[in-house]
Amino acid sequence: MAQQKFLHQRPIQNPFTNPFSSSPLSTSSISNRPISLLSRNGLLLLLALLVILGVFLPWAGSPLFPSPNKLSPSQSKWRDYSLPQAVKFVAKNGTVIVCAVSYPYLPFLNNWLISVSRQKHQDQVLVIAEDYATLYKVNEKWPGHAVLIPPALDSTAHKFGSQGFFNFTARRPQHLLEILELGYNVMYNDVDMVWLQDPFQYLEGKHDAYFMDDMTAIKPLDHSHDLPPPGKKGRTYICSCMIFLRPTSGAKLLMKKWIEELETQPWSRAKKANDQPGFNWALNKTVNQVDMYLLSQAAFPTGGLYFKNKTWVKETKGKHAIIHNNYIVGFEKKIKRFRDFNLWLVDDHASESPLGKLE
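Here is what the cut-offs are and how they apply
- Residues numbered from 1 in each chain as written.
- Predicted model: local features only at pLDDT ≥ 70, side-chain atom pairs only at ≥ 80, totals over all residues.
- Heavy atoms only, no water.
- Buried < 20%, exposed > 50% of the residue type's maximum accessible area, 1.4 Å probe, protein only.
- Helix = DSSP H or I, 4+ residues; strand = E, 2+ residues; numbered from the N terminus.
- Pairing = 2+ DSSP bridges.
- Phe/Tyr/Trp six-rings, centres within 6.5 Å; stacked < 30°, edge-to-face > 60°.
- Lys NZ or Arg CZ within 6 Å of the ring centre and 35° of its normal.
- Polar contact = N/O pair within 3.5 Å; in protein donor to acceptor, adjacent residues only side chain to side chain.
- Contact = heavy atoms within 4.5 Å.
- Axes fitted to C-alpha atoms, helices over the stretch in contact; angles between N-to-C directions.
- Parallel < 35°, antiparallel > 145°, perpendicular 65-115°, else oblique.
- Left-handed = near helix turned anticlockwise from the far one by under 90°.
- Nonpolar A, V, L, I, M, F, W, Y, C, P; charged D, E, K, R; others polar.

(A) Structural view of the pairing of strand E1 (residues 95–101). Taken across its 7 residues, E1 has 7 buried, putting it largely inside the fold. Residues Thr 95, Ile 97, Cys 99 and Val 101 line one face of E1 and the alternating positions Val 96, Val 98 and Ala 100 line the opposite face, and both faces are buried. Where E1 meets strand E4 (residues 185–189), 4 bridges bridge the pair, whose relative direction is parallel. Each bridged residue has a counterpart across the sheet, and for Val 98 the counterpart in E4 is Tyr 188. In the sheet, E1 pairs with strand E2 (residues 125–129) via 5 bridges, with the strands oriented parallel. By the bridge assignment, Ile 97 is partnered in E2 with Val 125.

What follows is the structure, encoded as structure tokens:
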């Protein structure tokens, strides 16, 4: 499968590798005579040693940069765990529920899992870990339910608007395409979501792709399920946070087009993109080739509607299936909003998650 330009990451440096091994301080430039610490070469060597001890060693064995020499047998096993193995293990009735998570998002993963467990679908969940710390933590608590598809991302991938965040979200269509190629239905969720009902009951018919609108404008309860018309930017505003796909040629075409769009619109400092515009361009350009289905707004409301329009929430009470905590940026702000709406479940119900209480 072709590699994408924006997916290339710098490999994580081995914390025990001496970065000065190819520096001018080699045996070719240092004679065998004793070196005084007060000499130029002695001071340089002392500085190199301090850098190694002060910078590299503290990272050795840390959660985000585990030392290969300190891996347990089970951790070594999970490093070799493949996507086909993982999907085969978790899939039920030909369907897998996928999320992609980096280490800072573990509390949100746990919160989301509690809500999924309440709808009896937790056994179908596969966590695509974006770093080794997440891979080991999830599989330690819940063996077989996390897989890492190399390369692992760096620790800044959770910061919205960063290049790391773009690389994190831009991998999504490739992951989904690979699962479709294996012959499985796949539901993708962001983990800043909470399930209030079983969403599968809303997947009517046998369409290729199902998705939710990210617009806050209120639709009639019997609104059309066709792709909405383009907005001011020439494209729709569908959310890439909740997608259900069947392993059809149409769904695969949509994922391939999404990948192409992300390749042509990479991240830059001037244009701090994410994956959602590319998803919408892909939808708009394949609308005549893919059988699409827009999910009910009442069941799948955007956060900009659910958290900001009390009247609408009251009028549609009992119809909500998945709530997305978007239209707000920042971990603490999202957690506070969830708490304000009694949707931050991990405080009192961590035992309902397959991961239990995370330390």
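From this point, the discussion proceeds with the structure in view.
(B) Summary view of the packing of aromatic side chains. Counted by the stated rule, this structure contains 16 aromatic pairs. Sitting over the face of the ring of Trp 78, Lys 77 holds its NZ or CZ atom 4.5 Å from the ring centroid.

(C) Representation of the side chain of His 121 within the structure. Along the chain, the position of His 121 falls in the loop between helix H4 (106–118) and E2. A distance of 2.9 Å separates the side chain of His 121 from the side chain of Asp 198, its partner in a polar contact. Ignoring anything within four residues of it in the chain, the contact list for His 121 reads Ile 97, Val 116, Trp 195, Asp 198 and Phe 200.

(D) Spatial organisation of the environment of Arg 246. Among the secondary structure elements, Arg 246 is positioned in the loop between strand E7 (238–245) and helix H8 (249–264). Using a relative accessible area of 13% as the deciding quantity, one classes Arg 246 as buried. Residues Arg 246 and Gly 183 lie 63 residues apart in sequence; the distance between their C-alpha atoms is 8.4 Å. Leaving out residues up to four positions away in the same chain, Arg 246 has contacts with Leu 180, Asn 185, Leu 203, Gly 205, Lys 206, His 207, Asp 208, Tyr 210 and Ala 251.

(E) The arrangement of the sheet that holds strand E3 (residues 146–148) in detail. As summarised here, the arrangement of the 7 strands in space is E3-E2-E1-E4-E7-E6-E8, forming an open sheet in which the pairing is mixed. Of all the strands in the sheet, the pair left with one neighbour each is E3 and strand E8 (292–294). Going across the sheet, the axis of each strand differs from the next one's by a mean of 30 degrees, ignoring polarity. Both E4 and E7 contribute to a ladder of 4 bridges, which runs antiparallel. Following the sheet pairing, Val 186 is matched in E7 by Leu 245. The strands that helix H7 (residues 172–181) touches are E1, E2, E4 and E7; relative to E4, the one it contacts most, it runs at about 160 degrees.

(F) Looking closely at H7. Of all the 10 residues making up H7, 8 are buried; the element is thus mostly covered by neighbouring parts of the structure. Of all the residues in H7, the buried ones are Arg 172, Pro 173, Gln 174, His 175, Leu 176, Leu 177, Ile 179 and Leu 180. Gly 183 sits one or two positions beyond H7 and adopts a positive phi of about 95 degrees.

(G) Region of interest: the packing of H8 against helix H9 (residues 275–286). Direction vectors running N to C along H8 and H9 enclose 130 degrees, while the axes themselves pass 8 Å from each other. Relative to H9, the element H8 is oriented oblique. Here H8 runs over H9; the crossing is right-handed. In this structure, H8 uses Leu 253, Leu 254, Met 255, Lys 257, Trp 258, Glu 261 and Leu 262 to contact H9, whose residues at the interface are Asp 275, Gly 278, Phe 279, Trp 281, Ala 282, Leu 283, Lys 285 and Thr 286. Taken together, the residues of the contact of H8 with H9 break down into 9 nonpolar, 2 polar and 4 charged.

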